[in-house]
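Take a look at the letters that make up each chain.
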Amino acid sequence: EHSKESLLALEVNLENIRFAWRWAIAQQHYEKLEQVSKHLSFYFDLRARLQEGIHLFQEAIDALPKGKHQKTLANVLVSQAVLYRWAGEFETVAQLCEKALSLIRPEDNPRNYITGLDNLAFVMEHQGDLKKALEYATQEYHIAQQSHNEELVLQAIKTLAIF
């Protein structure tokens, strides 16, 4: 999904992407944020620019109207949580993912929901609660199966294999 060419395109156009992100926030085109947040999270993670990504996502989180655009908020929270995960801030990861998953149902966005569960499983494993980690991983697997998305099922199997 993230080819070398797409990462290079992100790198070359990062300043324009930042501008477009902030424009979407200012114009309240929140669905645009949802479309690119996962890709930006992957980019900032791969390039080890975690704090930069965390701050960019925080701009959107702060701007989203309270009680509205729950799906977009959940998506941005999970994308930000991925960066906090690699920064080693596990309590923050858990808080962000729990909040995100409380805002949506699995069928609203299976990929996002599964990523949230995956992060929670990772945090529980890190904290030594393997039983809870396995519960999250199992829930992730069941949702992936229901989505009929082979990529999500493989991701869930990989998480289950850890436990």
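Structure shown above.
Reference entry: report on the structure contained in this document. (Residues numbered from 1 in each chain as written. Predicted model: local features only at pLDDT ≥ 70, side-chain atom pairs only at ≥ 80, totals over all residues. Heavy atoms only, no water.)

1. Considerations on the pattern of salt bridges
Working step 1: All told, the structure shown has 12 salt bridges when counted by the stated rule.
Working step 2: Taking the shortest distance from any N to any O, the salt bridge between Glu52 and Arg18 comes out at 2.1 Å. A residue pair is termed long-range when its members are at least 10 positions apart, and Glu52 in helix 4 (residues 50-63) and Arg18 in helix 2 (residues 14-26) qualify at 34 residues.
Working step 3: Classification of Arg18 by relative accessible area gives buried; the value is 13%.
Working step 4: Each of Glu11, Glu15, Arg18, Arg47, Arg49 and Glu52 takes part in a single network of salt bridges with overlapping partners. (Salt bridge = Lys/Arg side-chain N within 4 Å of Asp/Glu carboxyl O. Helix = DSSP H or I, 4+ residues; strand = E, 2+ residues; numbered from the N terminus. Buried < 20%, exposed > 50% of the residue type's maximum accessible area, 1.4 Å probe, protein only.)

2. Notes on the environment of Ala121
Working step 1: Topologically, Ala121 is positioned in helix 7 (residues 110-126).
Working step 2: Judged by its relative accessible area of 0%, Ala121 is buried.
Working step 3: Linking Ala121 and Ala137, residues 16 residues apart in sequence, is a C-alpha distance of 6.0 Å.
Working step 4: Setting aside chain neighbours within four positions, we find Ala121 in contact with Ala133, Tyr136, Ala137, Thr159 and Phe163. (Contact = heavy atoms within 4.5 Å.)

By themselves, these are just geometric observations and shouldn't be taken as functional.
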